[in-house]
Every structure is written in C-alpha cells, then in structure tokens.
Amino acid sequence: MSQREAEQELDALASSGLLRRLRRLDSPQGRSVKLDGQSAVLNFSSNDYLGLAHDPELIAIFQEYTARYGTGSGASRLVCGTMSAHLELEDAMAALKHTQAALTFTSGFAAATGTIPALCKKDDILILDKLCHASLIDGARLSGATLRIFPHNDLDRLEQHLDWVARKRGVDSRVLVVTESVFSMDGDTAPLAEICALKESYDAMLLVDEAHAFGVLGPSGRGLAAALGLENRIDIQMGTFSKALGLSGGYIAGSRPLIDLLINRARSFIYTTAPGPALAATIRDALDILTGTRGDALRHSLARHRDTIIPGTPSAIIPVLLGENETALQASDALLKAGFLVPAIRYPTVPRGSARLRITLSAAHQDTDVAALKTALSQIITDFASAPASISLS
Ligand SMILES: *Cc1c(COP(=O)(O)O)cnc(C)c1O
C-alpha cells in the first residue's frame, strides 16, 4: 500500500466517524488518569475491575520476583523457556478451574488464535455467538473450519445449527461451540447451562471465554462457569490475566490430553518467547489475592458500584447504546469535559448502528465517583440518546 492509498483509507474512515487515534496516558492505570497532558479525569474505561493494575502489594511482589527470576525468559517454552514459575502458575490455574491441566499464553488473544486452530481443521465445524470477541473470530478463521454464527444468545438458532451439523457432519469431523461468559461490549451473560445441555446432546465440544468474568463473578471470582457449577462440563475454559487480575497473559484450562495437544499444536504458544518468569510468578501470587479475603472485599466494592448505576446489573460493563458513531463520539467528549473518561465504541468492535458508550466500573472507584458519574450520565442520556434510552438509571 502506498502512502497515498493509506491516506485515502484514513480519510474514508474519518468521514464515517470511524477513525481511531491513540490517546496518551501520563499516569498509571487507576481510579483517575491524566490524558494527553490534561488534568486528571475519573477513569471509567479500563478493564482493571479490581483496581489491581497499580496495586502496591502486587508491585512489591513483582519487584521481588524480578530480582529472583530476572526480566526475560530467553526462549519459547518448548526450547528452554519453561521455568518453574510458569509450571507453578499453570498448576494453580488448573486447581482454581477444577481441571486436570492449564496452559498460559502471552495474551488472551494469543490463547484464542492458538487454541481454536489447534483443535479444529478444514473438515470440522465451528459455531460461534455473533458477538464473540475478535480473537475468537480470528482463531476460527485461521482454523479453516466451516463457520456458523448464531444470533447473540439465541439458543433456538444454536440448536438449528447443531441439528444441521448432525445431518451433514462426517464421521471424523469435530464440532466446537464458542461463546463468552460475559460479553465484552454488552456486559450481559450467556445462558451457559442451556448451552452445555445442547452441546452434550449433539456431542459437540464447548469453549467459553471468561475474559470479563474471571475475577469478577462466581465464588472467589472463579468465573461464571464456577458460579453455575459447570466447570467440568465445559471442555475448554479460556480467559485472561489482563483484566481483573491487573497483569497480562491468557490461559486455557481443560483436560491433560487437551493441554498436551495445545503444547504440540498451538502456534501462538510454540513460536513465541515465553512470558517473563517474574510475570508468571506474580500472576501466581495474584491468584491468591483474587481468591482470598482481599479479593472478596474488592468484589464487594465493585458490586456496590454496579448496583449504584443499575441494580442487579450482571457484570462490571455497562453499555449505553446511542446508535450513530458521531453521537457516541460527542457523548464521550461531553463526558470527558465533565471529568469522566468513558470511551465511545464503534464498528467494527460493535455492529453498525449500535455505537455506544462503554462504562466499566472498578473496585478502585470511590462511592462518590460512581454517584457523580450517574448524575452526569442522566444528563448525557437526555442530551444524546434518541428515545427510548437504552438504559434506565434507577
Ligand atoms: C480482552 C479479551 C480477550 C483478549 O485478552 P488479552 O489478554 O487482552 O489479549 C479475549 N476475549 C475477550 C472476550 C476479551 O474481552
């Protein structure tokens, strides 16, 4: 692509309200942040749900492990990069997820794009919820398997696909259903018990991405599958350490043979340098914070904030649907001027015509921050939402 062609594409993006720009943060993640050298604004935009991304306890642990293990891991895991810290983290994850084994990746994105193609090939069938994250979609495309998409959380349509597959599938072809437990841009949850029952009756496998539920929902923050008692019925549990845990990296939890197969086949695991050992060891200790009394206290604060905005809201993500790209951008700008960082989310992250504000709450927020946001939001909805407003603030 020439420079001229790149400029033309950028102009086209700008004229449809879809141009994206990086904004510089001059402070660590936290309750409030400094953007582009401006004065601090309250941060309702990150996935740091428990406020652990700049936590003094974790910082001290990370420093200690860096001194003990060093900064780099030297090579890919299969070459000479598997250090005790990685194995201890994976044992702890397997115990937490009630599975035989677990495997960690450099990111959740890498977990998805490595795992799906390792499990499904050309003659297999993948059935995805329409709102699945880009990493799951890219993993599905990379696999070369036949793709079927069902409308968001539509069990009837999922069953129709499974039924179609049952009639056409070859003797050896595999069927994998892919969904999330908490959806990243809508904050709603999947009917996991019903999906488990369906995949079992059609002899399919199930992958559930818990990126936004891990650390937030379920007993000790173990996720929605744990909350519903479904951990041993989900073949492949996926998630990330980069959201509620405040660190970075992705995981897959499942049976020992499944994990051994990923070690042999997942290209995003094999052909990349292992995450730093100090990071792995810090994640291991962060799991104790997550599942301990401190984690419970943080989830308690987060639940209080969620109920302040909308009582009974299912996750820490609250979307305010506005429709047009420009409307969402203007609403986000107006909130920024009022001191709140709330991002506008547009196509292709969400379907066309469903641009929105995406509010994310954190245990790091104070009660007064959330009350102030709620007041500001009422004004935003009056000014920008075409009736009827997509959320009603109680
Ligand atoms: C963020 C996210 C990922 C990717 O995880 P990273 O660790 O950030 O790469 C995967 N799936 C979902 C649903 C996500 O929201």
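Here the residue index of a chain counts from 1 through its sequence in written order. Predicted model: local features are reported for residues with pLDDT of at least 70 only, side-chain atom pairs are reported and counted for 80 or more only, and whole-chain, interface and lining totals are derived from all residues. With hydrogens and water set aside, each side-chain value is computed from the structure's full complement of heavy atoms.

1. Some details on the environment of Thr 349
Right, on to step 1. Among the structural elements, Thr 349 can be located in the loop between β12 (344–345) and β13 (355–360).
Right, on to step 2. Relative accessibility decides the category of a residue: with a 1.4 Å probe and only protein chains considered, values under 20% of the type maximum give buried, values over 50% give exposed, and everything between is partly exposed. On the accessibility criterion, Thr 349 (39% relative accessible area) is partly exposed.
Right, on to step 3. Here the alpha-carbon distance between Thr 349 and Leu 131, two residues 218 residues apart in the chain, equals 9.3 Å.
Right, on to step 4. Any two residues whose heavy atoms approach within 4.5 Å at even a single point are treated as in contact. When neighbours within four sequence positions are excluded, Thr 349 is seen to be in contact with Arg 20 and Met 185. Only DSSP runs of H or I reaching four residues or more are called helices, and only runs of E reaching two or more are called strands; each is numbered from the N terminus.

2. Quick word on the packing of helix α12 (residues 277–291) against helix α13 (residues 293–309)
Right, on to step 1. At a minimum axis distance of 4 Å, the contact between α12 and α13 shows a crossing angle of 60°. Regarding the angle of α12 to α13, the classification is oblique. Two secondary-structure elements touch here, α12 through Ile 289, Leu 290 and Thr 291 and α13 through Arg 294, Gly 295, Asp 296 and Arg 299. Structural elements are reduced to axes, namely lines fitted to C-alpha atoms, with helices fitted over the stretch in contact, and the angle between N-to-C directions of any two is expressed from 0 to 180 degrees. Every angle not falling under 35 degrees, over 145, or within 65 to 115 is termed oblique; those three ranges are roughly parallel, roughly antiparallel and roughly perpendicular.

3. Concerning the side chain of Ser 73
Right, on to step 1. Of note, Ser 73 is situated in the loop between α2 (56–69) and α3 (77–81).
Right, on to step 2. A polar contact is formed between the side chain of Ser 73 and the backbone oxygen of Ala 274, at a distance of 2.4 Å.
Right, on to step 3. Not counting chain neighbours up to four residues away, the residues in contact with Ser 73 comprise Cys 80, Gly 81, Met 83, His 86, Thr 273, Ala 274, Pro 275, Gly 276 and Pro 277. We define a polar contact as two N or O atoms separated by no more than 3.5 Å, with the added condition that, inside protein, one atom must be a possible hydrogen donor and the other a possible acceptor, whereas residues neighbouring each other in sequence contribute only through side-chain atom pairs.

4. Comments concerning helix α15 (residues 367–384)
Right, on to step 1. With 18 residues, α15 ought to run about 26 Å at 1.5 Å a step, and its terminal C-alpha atoms sit 25 Å apart, in line with that.
Right, on to step 2. If you check which residues of α15 are buried, you get Asp 369, Val 370, Leu 373, Lys 374, Ala 376, Leu 377, Ile 380, Ile 381 and Phe 384.
Right, on to step 3. Here the buried face of α15 lies against β2 (41–43), α13, β10 (317–323), α14 (325–337), β11 (340–341) and β13. In a helix, the anticipated span is given by 1.5 Å times the number of residues less one.

5. Some remarks on the site of the ligand
Right, on to step 1. The ligand sits among 14 residues. The nearest are Gly 108, Asp 209, His 212, Thr 240 and Lys 243.
Right, on to step 2. Taking Thr 240, its side chain carries an N or O atom lying 2.7 Å from an oxygen atom of the ligand.
Right, on to step 3. Contact between the ligand and Lys 243: an oxygen atom at 2.6 Å from a side-chain N or O atom of the residue.
Right, on to step 4. A total of 380 Å² of accessible area belongs to the ligand in isolation, and the protein chains cover 85% of it.
Right, on to step 5. Within the residue set of the shell around the ligand, elements represented by two or more residues are α5 (108–119) and β8 (236–240).
Right, on to step 6. When residues are grouped by polarity, Ala, Val, Leu, Ile, Met, Phe, Trp, Tyr, Cys and Pro land in nonpolar, Asp, Glu, Lys and Arg in charged, and all others, Gly among them, in polar. In terms of residue class, the shell around the ligand is built from three nonpolar, eight polar and three charged. Throughout, the term near means that a residue has one or more heavy atoms lying within 4 Å of the molecule or strand in question. Here the open area of atoms and residues is found with the Shrake-Rupley method and a 1.4 Å probe, where only the protein chains shown may cover a residue.

6. Points about the sheet that holds β2
Right, on to step 1. Taken in spatial order, the three strands of this open sheet run β1-β2-β11, and their pairing is mixed. Where the open sheet ends on each side, the last strands, each with one partner, are β1 (32–33) and β11.
Right, on to step 2. Should DSSP find at least two bridges between two strands, the strands are regarded as paired. With two bridges connecting them, β1 and β2 associate as antiparallel partners. Within the sheet, the bridge partner assigned to Ser 32 lies in β2 and is Leu 42.

7. Details of helix α6 (residues 134–143)
Right, on to step 1. When we look at burial in α6, the residues that qualify are Ser 135, Leu 136, Gly 139, Ala 140 and Ser 143. The buried residues of α6 all sit within an arc of 135° when viewed along its axis, so they share a single face. In this structure, α6 carries Arg 141 and Leu 142 as exposed residues pointing more than 90 degrees from its buried face.
Right, on to step 2. Next to the buried residues of α6 lie α5, β4 (125–129), β5 (146–150), β6 (175–180), β7 (205–209) and β8. This arc is taken over the directions from the axis of the helix to the C-beta atoms.

Bear in mind that shape data such as this cannot, by itself, settle questions of function.
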